[in-house]
Amino acid sequence: MSYNTQHCLNFITRKIDFDIIADTIKKCEADIIGLQEIRDEGQDAEYQAQAKIIAEKLGYHYYYFAEAIRFGGVNPYGNAVISRYPITSAETIMIPDPEIKKYDGYYETRCLLKAAIDVGNGLHVLVSHFGLNPDEQENAVETVVSNIPEERCVLMGDFNMEPDNPILGPVMQSLHDTAKDFSTPKFSFPSDTPSVKIDYIFVSKDLNVQWADIPEIISSDHRPHVVTIELE
């Protein structure tokens with residue numbers, strides 16, 4: 001599952017709600033979850049170890065938080081992976097900020113989480129949340145493509161780009177977009193009345209996709225993206 005949680009904010013109540021996030025994951029029966037917009041323990045009270053809290057609610061023992069930025073210098077924010085299976089290694093790879101900001105939009109430092117998970121023959125999982133501006137997105141795509149393993153790889157995240165965006169081209173060429181396995185076209189944002197697809201799960205071409213979907217669930221501001229893959 002790929003899931004932008006908006007720091008675990010309940011879309012309806014507008015309050016931090018770990019239960020609704022955990023319940024969404026349970027409903028989708030996800031074994032490996034890539035989370036975006038996740039907080040970790042910081043100086044301010046509302047910055048808690050969110051990945052750990054969700055993992056504990058799921059009864060999963062394995063998680064890793066990848067810090068992209070510290071708001072105010074004291075509050076960690078980034079991506080995370082939660083897994084039913086052991087995480088054998090994990091690292092945080094920073095996405096370079098544009099040297100010159102070419103656009104007037106909001107800029108934020110981003111990262112790529114890269115993990116290896118023990119599911120028998122092993123699985124590489126990459127999780128990221130791309131920036132809003134094209135120059136940020138170009139740097140993100142370059143970072144991702146240079147870190148894609150040759151086999152047994154899943155890449156997921158909120159890329160803030162629709163599928164026809166040419167910046168996504170190198171990723172589309174390197175991996176299989178599981179949206180092609182939807183029964184009908186699906187949108188992921190906003191969760192109540194989705195009109196765009198900006199959330200993705202890509203897999204290496206040696207993995208067999210059995211099923212893919214964006215369930216009609218309103219918990220975060222994004223709908224989750226889920227995929228079932230066969231691991232031989």
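You'll find the structure just up there.
Position numbers for residues count from 1 along each chain, tracking the sequence in the order it is written. Per-residue local features of the predicted model are confined to residues with pLDDT of at least 70, and side-chain atom pairs are confined, for both listing and counting, to 80 or more; whole-chain, interface and lining totals are unaffected and use all residues. Each side-chain value is worked out from all heavy atoms of the structure, with water and hydrogens disregarded.

A.B. asks: Could you give an account of helix α3 (residues 134-145), with specific residues and numbers?
C.D. replies: Counting from the N terminus, the helices are the DSSP runs of H or I reaching at least four residues and the strands are the DSSP runs of E reaching at least two. Given the number of residues in a helix, its expected span is that number minus one, multiplied by 1.5 Å. In a regular helix each residue adds 1.5 Å, so 12 residues correspond to 16 Å; α3 covers 16 Å between its end C-alpha atoms and thus fits that length. Contacts are assigned to residue pairs with any non-hydrogen atoms lying within 4.5 Å of each other. Packing partners of the buried residues in α3 comprise β5 (87-95), β6 (110-117), β7 (123-129), β8 (153-158) and α4 (169-174).

A.B. asks: So what's going on with the packing of helix α1 (residues 18-28) against helix α2 (residues 50-58)? Which residues, and what values?
C.D. replies: Between the N-to-C directions of two axes lies an angle of 0 to 180 degrees, each axis being a line fitted to C-alpha atoms and, for a helix, fitted only over the stretch in contact. Running from N to C, α1 and α2 point in directions that differ by 55 degrees, and their axes come no closer than 9 Å. Classed by the angle they form, the pair α1 and α2 counts as oblique. Viewed along their axes, α1 and α2 form a crossing whose handedness is right-handed. In contact with Phe 18, Asp 19, Ile 21, Ala 22, Ile 25 and Lys 26 of α1, α2 contributes Gln 50, Ile 53, Ile 54, Lys 57 and Leu 58. Looking at the contact of α1 with α2 residue by residue, the class counts come to 7 nonpolar, 1 polar and 3 charged. Angles are sorted into four bins: roughly parallel if under 35 degrees, roughly antiparallel if over 145, roughly perpendicular if 65 to 115, and oblique for all others. A clockwise turn of the near helix away from the far one marks a right-handed crossing, whereas an anticlockwise turn of less than a right angle marks a left-handed crossing. Under the scheme applied, nonpolar residues are Ala, Val, Leu, Ile, Met, Phe, Trp, Tyr, Cys and Pro; charged residues are Asp, Glu, Lys and Arg; polar residues are all the others, including Gly.

A.B. asks: I'd like a description of the environment of Tyr 77, backed by residues and values.
C.D. replies: Turning to its location among the elements, Tyr 77 is positioned in strand β4 (residues 75-83). For every residue, the accessible area obtained with a 1.4 Å probe (protein chains only) is divided by the maximum for its type, and the residue is called buried under 20%, exposed over 50%, and partly exposed between those limits. Accessibility expressed as a relative area gives 10% for Tyr 77, which makes it buried. Residues Tyr 77 and Tyr 106, spaced 29 residues apart in sequence, show a C-alpha to C-alpha distance of 16 Å. Dropping the residues within four chain positions of it, Tyr 77 is found in contact with His 7, Glu 37, Ile 38, Arg 39, Phe 65, Ala 66, Glu 67, Ala 68, Ile 69, Phe 71 and Glu 108.

A.B. asks: Report on α2, specifying residues and quantitative values.
C.D. replies: Residue pairs three or four apart in sequence face the same way in an α-helix, which turns once every 3.6 residues. When α2 is considered as a whole, its buried residues turn out to be Gln 50, Ala 51, Ile 53, Ile 54, Ala 55 and Leu 58. Positive backbone phi, approximately 80 degrees, marks Gly 59, located one or two places after α2.

A.B. asks: I'd like to hear about the sheet that holds β5, residue by residue, with values.
C.D. replies: With mixed pairing, the 6 strands of this open sheet are ordered in space as β5-β6-β7-β8-β10-β9. Unpaired on one side and paired on the other, β5 and β9 (176-177) mark the two borders of the sheet. Where β5 meets β6, 8 bridges bridge the pair, whose relative direction is antiparallel. Counted as the bridge partner of Glu 91 is Lys 114 from β6. Sheet strands touched by α3: β5, β6, β7 and β8. Its angle to β5, the strand with the most contacts, is close to 145 degrees. Between any two strands, pairing holds if DSSP finds at least two bridges.

Don't take any of this as a statement about function, it's just geometry.
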